[in-house]
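Overview (structure and organization)
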Amino acid sequence: EGYMMREQGYDRLLRSDSSDNHMKTAMLTIFAVILLVTGVFDYEKKQGMLPIIRSSEVGRRLVFRKKLQLVLLLTIAIFSCIYGMEFYSIYNQYGLTCFNAPVKTLAYMENTPFNMSLGIYLILLYFLRFALCYMVALIVALLSVFASYPVCLGIGLGVFLLPSIMYFMGLKMCKSIS
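What comes next concerns the included structure. (Residues numbered from 1 in each chain as written. Predicted model: local features only at pLDDT ≥ 70, side-chain atom pairs only at ≥ 80, totals over all residues. Heavy atoms only, no water.)

The next point concerns the overall build of the protein. Along its length, the protein carries eight helices and zero strands. Looking at the protein as a whole, 36% of its 178 residues qualify as buried. Restricting the contact set of the protein to residue pairs at least 6 apart, pairs at least 24 apart contribute 70%. For the protein, the accessible area works out to roughly 10800 Å², and carbon and sulfur atoms hold 67% of it. (Helix = DSSP H or I, 4+ residues; strand = E, 2+ residues; numbered from the N terminus. Buried < 20%, exposed > 50% of the residue type's maximum accessible area, 1.4 Å probe, protein only. Contact = heavy atoms within 4.5 Å. Areas by Shrake-Rupley, 256 points an atom, 1.4 Å probe, with all protein chains shown as cover.)

Here it is, written out as C-alpha cells:
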C-alpha cells in the first residue's frame with residue numbers, strides 16, 4: 001500500500017536538520033515554565049504562612065497537592081500554546097496529511113525498528129516532550145519550596161537554559177548538555 005504525501009511538513013516537525021527550530025521552541029517553553037512555576041511556593045514563605053499551613057494536617061497535604069496540580073495545569077497551558085502554535089503553523093503551511101501512513105514511509109525514517117503510524121509517532125513525540133517539560137516544572141517547583149524566588153529562578157535558568165544559550169552562541173561543547 002503506497003501513500004502520496006508531501007514530506008516537508010514532517011521534515012519540519014521531525015528532522016534533526018531543523019533542530020535549531022526545535023531547540024528554540026524547547027527553550028521558549030522551558031523559559032516560560034520556569035518563569036511561571038518558580039514562585040508557586042514562594043508566596044506562603046514571604047507572608048509567613050508556612051508554619052500555619054504546616055501545623056494543619058489538612059493544610060499540609062491539600063496545599064501541596066493543589067500547588068502541584070497548578071504546576072501541571074500551567075505546564076499543560078504553556079506547552080499547548082507554544083507547541084500547538086508550532087504544529088498549527090506547520091500544518092497550515094505544509095498541509096500535513098496521511099497521519100495513518102507508517103512512519104517508515106518517510107525517506108529518512110525507513111530504517112526505524114518500530115512500525116507505527118505517523119500520527120501515533122507524533123503523539124508519542126509530543127508526549128515525551130511534555131513529560132520532559134513537566135519534569136523541569138516539578139524540579140523548579142520543588143526547588144521553590146526551599147529557595148527564594150530569585151535564587152530558584154537563577155538556578156532554574158542556569159541549569160536548564162544556560163547550556164542551550166551557550167550552544168547557540170557558538171560553544172559547541174555544550175551541545176550534549178543543552
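As a further point, take the side chain of Thr75. Mapped onto the elements, Thr75 comes out in helix α5 (residues 57–94). Those residues within four positions of Thr75 in sequence are excluded, and the remaining contacts are Val33, Phe130, Cys133, Tyr134 and Ala137.

Right, let's talk about the nonpolar core for a bit. Core analysis: the biggest nonpolar cluster contains 41 residues, and Tyr10, Leu13, Leu14, Val37 and Val71 have the highest contact counts within it. Mapped by element, the contributors of at least two residues to this core are α1 (8–14), α2 (19–37), α5, α6 (118–146) and α7 (149–160). (Core = buried A, V, L, I, M, F, W, Y, C linked by side-chain atoms within 4.5 Å.)

Attention now goes to the environment of Leu142. Relative to the assigned elements, Leu142 resides in helix α6. In the structure, Leu142 is positioned 78 residues away from Phe64 in sequence and 10.0 Å away in space, judged by C-alpha atoms.

This brings us to the packing of aromatic side chains. A complete count under the given rule lists eight aromatic pairs for this structure. With a centroid separation of 4.5 Å and 35 degrees between ring planes, the pair formed by Phe79 and Tyr83 is classed as tilted. Placement of the pair is Phe79 and Tyr83 together in helix α5, with a separation of four residues, close to one helical turn. On the basis of relative accessible area, Phe79 is assigned to the buried category, the value being 9%. Taking relative accessible area as the criterion, Tyr83 reaches 8% and is therefore assigned buried. Ring geometry for Phe87 versus Tyr126: centroids 6.2 Å apart, planes at 90 degrees, classification edge-to-face. Of this pair, Phe87 sits in helix α5 while Tyr126 sits in helix α6, and the two are 39 residues apart along the sequence. We classify Tyr126 as buried; its relative accessible area is 14%. Here a set of aromatic residues connected by ring pairs shows up, and it is made of Phe79, Tyr83, Phe87, Tyr91, Tyr126, Phe130 and Tyr134. (Phe/Tyr/Trp six-rings, centres within 6.5 Å; stacked < 30°, edge-to-face > 60°.)

With that out of the way, let us pick up a nonpolar patch on the surface. A cluster of nonpolar side chains, namely Phe31, Leu35 and Leu36, defines an oily patch on the protein surface of about 250 Å² accessible area. With respect to the element layout, Phe31 can be found in helix α2. You can call Phe31 partly exposed: its relative accessible area is 35%. (Patch = residues over 30% accessible without salt bridge, like charges linked within 9 Å, V, L, I, M, F, W, Y side chains within 5 Å. Salt bridge = Lys/Arg side-chain N within 4 Å of Asp/Glu carboxyl O.)

On to the packing of α6 against α7, then. The geometry of α6 relative to α7 is characterised by a closest axis approach of 9 Å and an angle of 150 degrees between their N-to-C directions. By the criterion of interaxial angle, the relationship of α6 to α7 is roughly antiparallel. As for how α6 packs across α7, the hand of that crossing is right-handed. Residues Val136, Ile139, Val140, Leu143 and Ser144 of α6 pack against Cys152, Ile155, Gly156 and Phe160 of α7. In terms of residue class, the contact of α6 with α7 is made up of seven nonpolar, two polar and no charged. (Axes fitted to C-alpha atoms, helices over the stretch in contact; angles between N-to-C directions. Parallel < 35°, antiparallel > 145°, perpendicular 65-115°, else oblique. Left-handed = near helix turned anticlockwise from the far one by under 90°. Nonpolar A, V, L, I, M, F, W, Y, C, P; charged D, E, K, R; others polar.)

Count 3.6 residues to each turn of an α-helix, and residues three or four apart come out pointing the same way. For α7, which comprises twelve residues, the first-to-last C-alpha distance of 16 Å matches the rise-based estimate of 16 Å (1.5 Å per residue) to within 8%. Among the residues making up α7, those that are buried are Cys152, Leu153 and Gly156. Along the axis of α7, the buried positions cluster into a sector of 100 degrees, meaning they face one direction only. Pointing more than 90 degrees away from the buried face of α7 are the exposed residues Pro150 and Val159. (Expected span 1.5 Å × (residues − 1). Arc of directions from axis to C-beta.)

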